[in-house]
Amino acid sequence: MTTVFAPMPLTQERRLATTIPGPRSLALAARRSAVVAAGVSSTLPVYIARAGGAILEDVDGNRLVDLGSGIAVTSVGASAPEVVAAVAAQVADFTHTCFMVSPYEEYVQLCEVLARLTPGTHAKRSVLVNSGAEAVENAVKIARRATGRDAVVVLDHAYHGRTNLTMAMTARAMPYKTGFGPFAGEIYRVPASYPLRDGLTGEQAAARAIDTAQRQVGADRIAALVVEPILGEGGFVVPAPGFLPALAAWAREAGIVLVADEVQTGFARTGAMFACEHEGVVPDLVALAKGIGGGLPLGAVTGRAELMDAVHAGGLGGTYGGNPVACAAALAATALYERDDLAAAARAIEARVLGRLRAVAADVPAVAEVRGRGAMLAVELVRPGTLEPDKDSAAAVARACLAAGVLVLTCGTWGNVVRLLPPLVITPELLDDALDVLESALRALGA
Ligand code: PLZ
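Computed from a predicted model, the values in this text were never measured in an experiment.

Turning to the site of the ligand, a few remarks are in order. Near the ligand, the surroundings consist of 15 residues, among which G132, A133, R162, D261 and Q264 are the closest. Within the backbone of A133, one N or O atom sits 2.8 Å away from an oxygen atom of the ligand. Between R162 and the ligand, the recorded distance is 2.7 Å, taken from a side-chain N or O atom to an oxygen atom. For the ligand, the accessible surface in isolation is 510 Å², of which the surrounding protein chains cover 82%.

Written out as structure tokens, the structure reads:
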């Protein structure tokens, strides 16, 4: 018989039991520095003992409101009971066989779900991997094999991962690339659409990107155009309307595989199941991870059957790709996005947060813009009266929130963006409470 462990429900309330970090977290930090590589850094100075919904409880008993979801992963909530039950049941059945050796139904079933959920009604195939970076790498492999071309075009401000190929595809040097070269070749970067900073329409920004690619690479050499439909680590930059459709139209005409990196934007996060849907764009391949697994490590590439199947047998895979426990978690999580209409929940979060933060923006000149879609929202901070990025203000806001028990993350090419990625199941009361804290941290930047 399979025993299913139900997670202890955590009251969805912020609670400070000690100053942050408390004594147990401080002791762990001291142990950590003796054994954990310095190159791995953490946003929070506290260590987590358990989590549920949108609450993280640390080892000192502090309960923090989680507006980060482990970087857009636990969208169904930390330890969603359905995910926990599915994982426990699968662990009891078997933990691993390696799909390349002895296949199992959960892998197939998840690929069926992905074929149904991802944009477009064409025939699709999927490959399952372990992370977002691996998903992006595989999308590039597939596009190259299918087109017989080498070049890959990426956007300015892009983030695609930390492996050698995805580092090359990522825009920002520090901390992701500095000292880690040489990088993979045949990666070409074109300007993105950044409405606050370039003032261009979507069509103008797309024309600029396409012209750059045509002049510097040549369309007939380009295997793939890889885009984040909303720039994630680069600053939660929503492209001007028309940018993505114009790029998609060009890619289609030029025989270039359009890859949407929906690792951060995917699975209801932006108020649609996938961010491409907001502009009616149907990518050829989609790179997926994060929210797919409800907290377990899993990634995927889903795309047009004829492109995916252009790869020879044995050309895709990996020991752990589509691990059965991760698949079980993903089947439970993807069912929750649909059953509970978490895309609608994301839209409700957007309405609540934008309403409040736009009112703050009107009073605080350091706020250059409040933007985002669904539950992927951000505040870009500048020196008042300029567009000069102000990283220190973003850090100060994040610090003030943390001291009060609210976890917010920062992002942006210049580190000057405060971003919100709450679990989509956050209660309105808890969200309001966290927004009170964020609002006063932003107001402290001065009127
Ligand atoms: N593509 C769009 O956002 C991961 C990681 C940040 P992995 N982003 C958060 C960090 O500092 O490591 C991400 C992403 C997009 C790809 C990735 C990579 O996903 O699962 O971290 O490999």
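There's plenty left to go through after this.
Here the protein chain is partitioned into domain 1 (23-75 + 341-446) and domain 2 (83-339). Relative placement of domain 1 and domain 2: their C-alpha centres are 25 Å apart. Taken residue by residue, the interface counts 38 residues in domain 1 and 32 residues in domain 2. Summing the contributions of domain 1 and of domain 2, the shared interface buries around 2800 Å²; its carbon and sulfur component is 57%. When residues of domain 1 are sorted by the area they lose upon contact with domain 2, R373, M376 and T413 head the list and together hold 27% of the total.

What follows covers helix 9 (residues 243-254). In this model, helix 9 (12 residues) spans 17 Å end to end at C-alpha, consistent with the 16 Å of a helix rising 1.5 Å per residue. Listed in full, the buried residues belonging to helix 9 are F243, L244, L247, A248, W250, A251 and A254. The buried residues of helix 9 all sit within an arc of 165° when viewed along its axis, so they share a single face. Facing away from the buried side of helix 9, by more than 90 degrees, are the exposed residues R252 and E253. Among the structural elements, strand 5 (151-155), helix 8 (202-216), strand 7 (222-227) and strand 8 (257-261) are those in contact with the buried residues of helix 9.

Here the focus is the environment of L357. Relative to the helices and strands, L357 is located in helix 12 (residues 342-363). Non-local contacts of L357, meaning those with residues more than four positions away in its chain, are made with V370, V379, L420, L438 and L442.

Turning our eyes to something else, we now look at the pairing of strand 5. Most of strand 5 sits inside the fold, with 5 of its 5 residues counted as buried. Where burial is concerned, the two faces of strand 5 agree: the one with A151, V153 and L155 and the one with V152 and V154 are both buried. Note: strand 5 against strand 6 (residues 187-190), 4 bridges, orientation parallel. Counterpart to V152 in the pairing with strand 6 is I187. Taken together, strand 5, helix 6 (residues 164-169) and strand 6 constitute a β-α-β crossover, and its handedness is right-handed.

In this section: the packing of aromatic side chains. Inspection of every chain in the model, using the stated rule, returns 7 aromatic pairs. Ring geometry for F94 versus Y104: centroids 5.6 Å apart, planes at 65°, classification edge-to-face. Of the two residues, F94 is situated in the loop between helix 3 (81-93) and helix 4 (105-117) and Y104 in the loop between helix 3 and helix 4; the sequence distance between them amounts to 10 residues. In this structure F94 comes out as partly exposed when scored by relative accessible area, which is 27%. Between F267 and Y337, the ring centres sit 5.8 Å apart and the planes meet at 35°, which makes this aromatic pair tilted. In this pair, F267 sits in the loop between strand 8 and strand 9 (285-288) while Y337 sits in helix 11 (residues 324-339), placing the two residues 70 residues apart along the sequence. Both residues of the pair, F267 and Y337, count as buried. Of the aromatic side chains, those joined through ring pairs into one cluster are F94, F99, Y104 and Y107.

Another point: the side chain of D60. Along the chain, the position of D60 falls in the loop between strand 2 (55-58) and strand 3 (63-66). Only 2.8 Å separates the side chain of D60 from the backbone nitrogen of R24, close enough to count as a polar contact. Reaching out from D60, the side chain makes a polar contact with the backbone nitrogen of S25 at a distance of 3.1 Å. With sequence-adjacent residues up to four places away left out, D60 is seen in contact with A17, T18, G22, P23, R24 and S25.

Analysis parameters
Residues numbered from 1 in each chain as written. Predicted model: local features only at pLDDT ≥ 70, side-chain atom pairs only at ≥ 80, totals over all residues. Heavy atoms only, no water. Near = heavy atom within 4 Å. Polar contact = N/O pair within 3.5 Å; in protein donor to acceptor, adjacent residues only side chain to side chain. Areas by Shrake-Rupley, 256 points an atom, 1.4 Å probe, with all protein chains shown as cover. Domains from an automatic or database assignment. Contact = heavy atoms within 4.5 Å. Buried area = accessible area lost by both parts, 1.4 Å probe. Helix = DSSP H or I, 4+ residues; strand = E, 2+ residues; numbered from the N terminus. Expected span 1.5 Å × (residues − 1). Buried < 20%, exposed > 50% of the residue type's maximum accessible area, 1.4 Å probe, protein only. Arc of directions from axis to C-beta. Pairing = 2+ DSSP bridges. Right-handed = clockwise from strand over helix to strand, strands pointing away. Phe/Tyr/Trp six-rings, centres within 6.5 Å; stacked < 30°, edge-to-face > 60°.

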